[in-house]
Amino acid sequence: MKRCLNCGTEISERDINCSNCGADVQNQKITDLFKNPKFMAIIAAVAALFIIIFLTILNTVIMPAAAKSNLQKAFDSKSGANVASVFEQYCGDYSVVYEDLSKSGKAVFSAFEDYISDWKDELNNQPTETDPYIFITDLTGDIFLPSADSALLRLSGYNEELYAAAMNFYNLYDSKEAFFQGTERMNKSDFQGAADLLEKVIEEDSWYSEAQNKLTEAQLKLMEEKAKLIEKFISEGRYEAAQDEITKLRNKNPTKEISEKLDTYETKIYEAKLAKIDEFVNSGDIDAANEYIESLGNGLSADAKERLNQAVKNKAVDYIAKADEVLKSGEREGAYDMAKMAQNLCPDDDEINKKVEYFKEYLPFKLYYSDNATSYRDDDMWAYTGGIKWNEKLVSNKSETMFNCLKFYFNSDYKAHFDINYNLGKKYDCISGIAFLPEEYKNHQQNGYFEIYGDGKLLFKSENFSKNKMPNDFEVNIAGIDMVTIKFFGNRIGDWLLGDSWTGFAVSNLIATKNLP
């Protein structure tokens, strides 16, 4: 099969004339083809298509590839100026709108972004001992150098997307630099400086976990240093200074472990402030405690008031506990004094007041005080020949000083008699004392004695106070007795003209008591 050179119709090899146009196909020449308008139109169309295809390939493949190649050469030169020149050549020196760029411009723009991403990954893959500055400058010169002259910083201002990519890179760079320098500070035992740097390491950093470990280590070391200072401030009562140090550490974003330690110190400060109140209470200076509470401010004053009340109550309870111990040892008045001290601290506390009354019941009833006697009288009206002296200090015939003495004296041959009545209200169990001869009467002849009656019944009769009689302890059971009467009897034996006119006897510490629990 062949075609007619005149019209292009497909004809048989045996045809003499074209079935379409009638031309003599046996004698047609190739030159006639170019005289065919249709053929020439086809040729023109094919040529135009080839030109379009070529230009398309040139613009979309060849020229962008050349642009990327130029950018690669600029990067290989490690020159920021060269990189900037290529970028400006294809992207212009204006604010870049990516959609408005040529294919070559978009290729350069995208390639530049890829370089940023690739170098960010390279930087992130470096081992911990890598110095970020040396790594970047050795491999990229001043293209990524963290300074105003770097190509990255200059070109990032063209477009928000480039700016974001550049900032991401430099955030990572700063993180790496913080880790590297922080590690060096750690090695130099500059734990505060190390902590300040290591806390800047970002989570996107491949060294982040290691940085957190080192940060914890630095903070712990720093805490060890600060702990001594904080403890010192607390021990000196410099609570504000201690709190300042704690606040500084809290502002460093401490770990949970460090925060818990700081919580412990703040609790110590809180307790130390409140413990100061206990010191005032223990010294008995409640007014000073209240003044101190006022100085603490509103933040602590309410708790301090409660602490004061509790401290006062605790002190009062301590006094009561000590009173119990003292009473068991036989110190009745000491026990009561302790209870009264508790009452002074908590005058409105019903339990304390009941305890005071309880200890009061064990106080000795002092029979040697005239005010404690219900009545006393001289039945024989012998006031000019003798009498009673109350609460005297005497010396016994054994040369012992005797206190709280009830002295009975007389100077008559007639038997002197003196009564003292006490209303004890069945509160006491026994009467005790020491009967003795005063030294001034030790050589006098006399016939003196005393008797103790309970509700009219004789309970006790002393021995006669004969010459040279030694002091004698006595004790009389008066359990259930309401009224007690002590009767003193005595008369002189001998001639008063010979100097024996006055004589007598005495009782020391004559008291009524309730049996100890």
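Check the entry above for the structure.
This text gives an overview of the structure that appears in the document. (Residues numbered from 1 in each chain as written. Predicted model: local features only at pLDDT ≥ 70, side-chain atom pairs only at ≥ 80, totals over all residues. Heavy atoms only, no water.)

### Quick word on the overall build of the chain
Assigned secondary structure in the chain consists of 14 helices and 13 strands. Within the chain, counting contacts between residues at least 6 apart in sequence, those at least 24 apart form 66% of the total. (Helix = DSSP H or I, 4+ residues; strand = E, 2+ residues; numbered from the N terminus. Contact = heavy atoms within 4.5 Å.)

### Digging into the packing of helix 10 (residues 256-282) against helix 11 (residues 286-296)
The N-to-C vectors of helix 10 and helix 11 enclose an angle of 160°; their axes lie 8 Å apart at closest approach. When the axis of helix 10 is compared with that of helix 11, the two are roughly antiparallel. Along this stretch, helix 10 crosses helix 11, giving a crossing that reads as right-handed. Here helix 10 contributes Lys-273, Lys-276, Ile-277, Phe-280 and Val-281 to the contact with helix 11, which in turn contributes Ile-286, Ala-288, Ala-289, Tyr-292, Ile-293 and Leu-296. By residue class, the composition of the contact of helix 10 with helix 11 is 9 nonpolar, no polar and 2 charged. (Axes fitted to C-alpha atoms, helices over the stretch in contact; angles between N-to-C directions. Parallel < 35°, antiparallel > 145°, perpendicular 65-115°, else oblique. Left-handed = near helix turned anticlockwise from the far one by under 90°. Nonpolar A, V, L, I, M, F, W, Y, C, P; charged D, E, K, R; others polar.)

### Comments concerning the pairing of strand 9 (residues 446-454)
Judged by how many residues are buried, strand 9 sits mostly within the fold: 8 of 9 residues are covered. Two elements, strand 9 and strand 12 (residues 483-492), share 9 bridges in a ladder whose sense is antiparallel. Each residue of the ladder has a partner; that of Tyr-453, found in strand 12, is Thr-485. Between strand 9 and strand 10 (residues 457-461), which follow one another and run antiparallel, lie 2 residues, and Asp-455 among them has a positive phi close to 50°. (Buried < 20%, exposed > 50% of the residue type's maximum accessible area, 1.4 Å probe, protein only. Pairing = 2+ DSSP bridges.)

### Section: the nonpolar core
Counting 55 residues, the largest nonpolar core has Ile-234, Ile-277 and Phe-359 as the members making the most contacts within it. With 10 residues, helix 12 (residues 298-328) is the largest single contributor of residues to this core. Apart from the residues within four sequence positions on either side, Ile-277 is in contact with Ala-289, Tyr-292, Ile-293, Ala-304, Arg-307 and Leu-308. If you look at the next biggest cluster of nonpolar residues, it comprises 34 residues, including Ala-74, Ile-143, Leu-152 and Leu-172. (Core = buried A, V, L, I, M, F, W, Y, C linked by side-chain atoms within 4.5 Å.)

### Concerning the sheet that holds strand 9
Ordered by their spatial adjacency, 5 strands build an open sheet running 4-7-12-9-10, and the pairing between neighbours is antiparallel. Each edge of the sheet is formed by a strand with only one pairing partner; in this case those strands are strand 4 (375-377) and strand 10. Averaged over all neighbouring strand pairs, the angle between strand axes comes to 20°, with direction disregarded. Here strand 9 runs beside strand 10; their pairing, made up of 4 bridges, is antiparallel.

### Some remarks on the environment of Tyr-368
Within the fold, Tyr-368 resides in the loop between strand 3 (365-366) and strand 4. By relative accessible area, Tyr-368 is classed as buried at 4%. Setting aside anything within four residues of it in sequence, one finds Tyr-368 in contact with Trp-390, Asn-391, Asn-404, Leu-406, Asn-509, Leu-510 and Ile-511.

### Brief notes about the packing of helix 4 (residues 132-140) against helix 6 (residues 160-187)
Across the interface, helix 4 lies against helix 6 with an axial gap of 8 Å and an inter-helix angle of 130°. When the interaxial angle is binned, helix 4 and helix 6 end up oblique. Here Pro-132, Tyr-133 and Ile-136 of helix 4 come into contact with helix 6, specifically with Phe-169, Tyr-173, Lys-176, Glu-177 and Phe-180. Taken together, the residues of the contact of helix 4 with helix 6 sort by class into 6 nonpolar, no polar and 2 charged.

### Brief notes about the environment of Tyr-208
In this structure, Tyr-208 sits in helix 8 (residues 208-235). Distance in space between the C-alpha atoms of Tyr-208 and Lys-176 is 9.3 Å, their sequence separation being 32 residues. Once residues lying within four places of it in the same chain are set aside, the contact partners of Tyr-208 are Val-201, Ile-202 and Glu-203.

### Thoughts on unusual backbone geometry
Excluding glycine, residues mostly have negative phi values, and the peptide bonds linking residues are mostly trans. We note that Asn-391 has phi near 50°; this positive angle belongs to a residue other than glycine. Looking at where Asn-391 falls in the secondary structure, it is placed in strand 5 (residues 386-395). One non-glycine residue, Asn-404, lies in the positive phi region at around 55°. Mapped onto the fold, Asn-404 is located in strand 6 (residues 401-410).

### Thoughts on the pattern of salt bridges
Taken as a whole and judged by the stated rule, the model has 17 salt bridges. Note that Asp-205 is salt-bridged to Lys-176, the shortest N-O span being 2.7 Å. Here the residue Asp-205 occupies a position in the loop between helix 7 (191-198) and helix 8, and Lys-176 occupies one in helix 6, the gap between them amounting to 29 residues. Because the salt bridges share partners, they merge into one network encompassing Lys-226, Glu-245 and Lys-248. (Salt bridge = Lys/Arg side-chain N within 4 Å of Asp/Glu carboxyl O.)

### Notes on a negative patch on the surface
A surface patch of negative charge is lined by Asp-114, Asp-118, Asp-121 and Glu-122. Here Asp-121 is to be found in helix 3 (residues 103-124). (Patch = residues over 30% accessible without salt bridge, like charges linked within 9 Å, V, L, I, M, F, W, Y side chains within 5 Å. Areas by Shrake-Rupley, 256 points an atom, 1.4 Å probe, with all protein chains shown as cover. Lys, Arg positive; Asp, Glu negative; His and termini not counted. Charge placed at Lys NZ, Arg CZ, Asp CG, Glu CD.)

### Overview of the side chain of Thr-485
Looking at the secondary structure, you find Thr-485 in strand 12. A polar side-chain atom of Thr-485 sits 2.6 Å from a polar atom in the side chain of Asn-421. Residue contacts for Thr-485: discarding those within four places in its chain leaves Asp-419, Ile-420, Asn-421, Glu-451, Ile-452 and Tyr-453. (Polar contact = N/O pair within 3.5 Å; in protein donor to acceptor, adjacent residues only side chain to side chain.)

### Observations concerning helix 9 (residues 239-250)
Here helix 9 spans 16 Å end to end across 12 residues, near enough to the 16 Å set by a 1.5 Å rise per residue. The secondary structure elements touched by the buried residues of helix 9 are helix 8, helix 10 and helix 11. (Expected span 1.5 Å × (residues − 1).)

### Quick word on the pairing of strand 12
Of all 10 residues making up strand 12, 9 are buried, and the element is well covered by its neighbours. Taken together, the 8 bridges between strand 7 (residues 416-423) and strand 12 define a ladder with antiparallel strand orientation. Its bridge partner being in strand 12, Ile-420 is matched across the sheet by Ile-486.

### Details of helix 7
For helix 7, the tally of buried residues reaches 6 of 8 residues, placing the bulk of the element in the interior. Turning to helix 7, its buried residues are Phe-191, Gly-193, Ala-194, Ala-195, Leu-197 and Leu-198. Buried positions along helix 7 lie against helix 6 and helix 8.

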